[in-house]
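# Geometric and topological summary
Each chain, written out:
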Amino acid sequence: MSFDGGTDAPSSAIGSDDKRGGKRIYPGERGFLKRIHDSAWAWDIFQGPIYNRLIGPAAADYFFTLADRVEREAHGCAAPMRILDVGAGAGTMSLLLARALPSLAITGIDYSPGQVRAARRMKKRAGLDNCRFQLGNAMNIPFAAESFDLAISVNSIKHWPDPVRGLVEIGRVLRPRSRAFIAEVDRRASPAALREFADKYRAWFIWPPAMRWCLGNVVFGNSYTTGEVADFASRAGFSAVSIQEVPGPFFLVSATK
Ligand SMILES: C[S@@+](CC[C@H](N)C(=O)[O-])C[C@H]1O[C@@H](n2cnc3c(N)ncnc32)[C@H](O)[C@@H]1O
């Protein structure tokens, strides 16, 4: 495994070791809240609308950096490159890519019907016809082997009940030697980075201290570290696993089938 950027060293970690083997910065793993946070119905009813409305502006740099990485990858490929976006949500990344590179053929899957409807609405509004969205679970991706040339997944893997299985599924639907980009919020992001990020979320119905608590305890606290996701990718059979720096309290793992 090569690490060509980023670090898995605990930053300003405080607290005791957690059961994933790292120092804990945020509490996380509050069973009831985690179950809600990971459930399709919660994405349908309230998490989807809140995330879709607020995350774009708050994480724009991050999305553009990811899109740039995928675009660079796409330039070396004979068109049309078939891209799978796993846990596509309202399609932010898929639509960004579809708009930037009309030669791509993008398929976004999500296990929340509400998120799939939101993505289809956004696609219609954008007037794009090189992407499509459909229901699908990362645990059992509804496509034949070797159907795609590249896979991406943004801020979704922390919700999967078995991340290695999800990555095995991604590997199955990728053609040989193609690449997967897995982006996620970093459980070891420093409290200052998390605070700066949380403070970008502005809405009349969100009390900032509650948002910070929720991000720290439920979202970041239940996410992974760069090393953990790189390890999942290796265990799922990927090679050339590398960690890339991206702006904000996020990371990007790239891996080759
Ligand atoms: C934080 S949102 C990210 C959405 C989108 N990738 C983005 O960055 O805008 C996480 C998404 O993952 C989806 N998700 C969670 N678990 C999933 C699973 N097992 N299979 C498919 N989608 C899943 C949720 O429904 C939600 O839309």
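Above this note sits the structure.
Residues numbered from 1 in each chain as written. Predicted model: local features only at pLDDT ≥ 70, side-chain atom pairs only at ≥ 80, totals over all residues.

This part is about the environment of Leu150. Along the chain, the position of Leu150 falls in strand β4 (residues 148–154). The class of Leu150 is buried, set by 22 C-beta atoms lying within 10 Å. Sequence-wise, Leu150 and Leu84 are 66 residues apart; in three dimensions their C-alpha atoms are separated by 6.4 Å. Not counting the four nearest positions on each side in its chain, Leu150 is found in contact with Val70, Glu73, Met81, Ile83, Ser178 and Arg179. (Helix = DSSP H or I, 4+ residues; strand = E, 2+ residues; numbered from the N terminus. Buried ≥ 20, exposed ≤ 12 C-beta atoms within 10 Å, placed from the backbone. Contact = placed C-beta atoms within 7 Å.)

Its identity as a non-glycine residue notwithstanding, Arg177 has a phi of 65 degrees, on the positive side. Inspection of the secondary structure puts Arg177 in strand β5 (residues 174–185). Residue class for Arg177 comes out exposed when judged on the 10 C-beta atoms lying within 10 Å of it. In this model, Ala240 sits at a positive phi of 45 degrees, which is unusual for a non-glycine residue. Position of Ala240 relative to the elements: it lies in strand β6 (residues 239–244).

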